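The chain contents come next:
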Amino acid sequence: MAGPRTPCRIGDALCDIDTPALLVDLDKLEENLKTMPITLKEYSNLKLRPHAKSHKCPTLARLQVTHGAVGVCVQKLTEAQAMVHGGVEDVLVTNEIVSRSKLCRLMSLAQHATISIVVDSQQNIRDLSDAAQQMGVDIGVLVDVNVGMPRCGVLPGPEVVQLASLINSLPNVTLKGLHCYQGANQHIRKAEERAEATAAAVEKAATALKALEDAEISCDYVTGGGTGTYMYEAKSGVFTEVQPGSYVFMDADYGRNFGEDGQPVHQFHQSLFVLATVQSVPEGNRAVVDAGLKAISMDSGVPLVYPNSDIVYHCGGDEHGVLVPPGKYKIGDQVWLIPGHCDPTVNLYDWLVGVRGGRVEAMWPITGRGPGV
Ligand code: PLP
Ligand code: MN
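Residues numbered from 1 in each chain as written. Chains lettered and ligands numbered in written order. Predicted model: local features only at pLDDT ≥ 70, side-chain atom pairs only at ≥ 80, totals over all residues. Heavy atoms only, no water.

Taking an unreviewed UniProt entry as the reference, the protein chain is identified by name as 3-hydroxy-D-aspartate aldolase-like isoform X1 belonging to Branchiostoma floridae. Its UniProt record, at the heading Sequence similarities (unreviewed entry), says of the protein chain: "Belongs to the DSD1 family." (UniProt positions renumbered as here; feature names shortened; annotations may be inferred.)

Here it is, written out as structure tokens:
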């Protein structure tokens, strides 16, 4: 069977790219990759472990490692496989993985790379230990703590101690630390409100650490934080690692966050775009492009038209987008769209097309894409 079709070839001009296509502006991407470690340079003991859920692309993960990352986080087993098979040597799974078959697949990755994973139940810890023993590997385990996001994770307190003690008592699993991520805080618009909400999450992480300390269980690793809040986790003195993901690409939703200077966040640049083509300009009052729900995730709002911010994209269904007013667009013109939400948009594509100076310079396969089986 043929592999996924490529939308273009390296060296092509932009006008030769078949659309819809997922583009990354390589100049902007490189600036984002360089900026992240600079923002953290005064926290000399703090580690950077970007979240690869945003790109699902091992080529980009390896670039993050060359820009100071200790490894990456992933959310799904197929992302972990893509990273390890793509040459990433240290992967933290920030999600609970269950079922015998998946645990065996996870342990087989630990034969090639340093793997750690979060847990929030005794059953899962026992299953991880059994699978690790069977495959003859050791993996690191972090207790997943609910620091304000009611998803997975145990509350800071006695349950953290129970799980940590169980990890310490079983073979082939090593207690590494605490996972304390709060997702909703990332998108609080005002910087001072984001800081306040993060302070509450940091306090919960500190409570979990204190519970371990009181039980004489040593723990020197606390990880969490995303693009919206990582500086607050970094400054807290409680976190030893941050896991921002979206900063490499940014999106329209993050573009609505404000920084401490009261301006829209400008530290990181929009590097990700969906390239679409105008296929119709009916009645002269709208331009219809070939990118709808199957080309752009709209869970965080519709895409923005770049650089024509006066033109509004309306979802035209599965395969269409309707631009109003049509501006100067004619049939066949290409349109650059800024996705509302980068991660699920990337998940729709097989290839990330790297562009610079009006040409295709790189084609990176998004090998971790898909539902994450
Ligand atoms: N860490 C975890 C556990 C996440 O689930 C996410 C994103 O959802 C991130 C880090 C990265 O967040 P962002 O892409 O907003 O930087
Ligand atoms: Mn996201």
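(A) Local environment of the packing of helix H5 (residues 122-135) against helix H6 (residues 158-169). Relative to each other, H5 and H6 sit at 15 degrees, their axes nearing to 10 Å. Between H5 and H6, the crossing angle belongs to the class labelled roughly parallel. The two elements H5 and H6 meet at a crossing, and its hand is right-handed. Facing H5, whose interface residues are Gln122, Ile125 and Arg126, H6 presents Gln162, Leu163, Leu166 and Ile167. A breakdown of the residues in the contact of H5 with H6 according to their chemical character gives four nonpolar, two polar and one charged. (Axes fitted to C-alpha atoms, helices over the stretch in contact; angles between N-to-C directions. Helix = DSSP H or I, 4+ residues; strand = E, 2+ residues; numbered from the N terminus. Parallel < 35°, antiparallel > 145°, perpendicular 65-115°, else oblique. Left-handed = near helix turned anticlockwise from the far one by under 90°. Contact = heavy atoms within 4.5 Å. Nonpolar A, V, L, I, M, F, W, Y, C, P; charged D, E, K, R; others polar.)

(B) How the structure looks around the coordination of the manganese ion (ligand 2). For the manganese ion (ligand 2), the protein coordination sphere consists of His341 (NE2) and Asp343 (OD), at 2.3 to 2.6 Å. Under the relative-accessibility criterion, aspartate 343 is labelled buried at 9%. (Donors = N, O, S within 2.8 Å, 3.2 Å for Na, K, Ca; no water. Buried < 20%, exposed > 50% of the residue type's maximum accessible area, 1.4 Å probe, protein only.)

(C) Region of interest: the packing of aromatic side chains. Taken as a whole, this structure holds three aromatic pairs when the rule is applied. When the ring of phenylalanine 273 is compared with that of tyrosine 306, the centres are 5.0 Å apart and the planes differ by 50 degrees; the resulting orientation is tilted. Taken together, the residues span a long stretch of sequence, with phenylalanine 273 in strand E10 (residues 272-280) and tyrosine 306 in strand E12 (residues 304-306) at a distance of 33 residues. Residue classification places phenylalanine 273 among the buried positions, given a relative accessible area of 2%. Accessibility expressed as a relative area gives 35% for tyrosine 306, which makes it partly exposed. Taking the centre distance of 5.1 Å and the plane angle of 70 degrees together, the rings of phenylalanine 273 and tryptophan 336 count as edge-to-face. Of this pair, phenylalanine 273 sits in strand E10 while tryptophan 336 sits in strand E15 (residues 334-338); the two residues are 63 residues apart in sequence, bridging distant segments of the chain. By the ring-pair criterion, three or more aromatic residues cluster together here, those being Phe273, Tyr306 and Trp336. (Phe/Tyr/Trp six-rings, centres within 6.5 Å; stacked < 30°, edge-to-face > 60°.)

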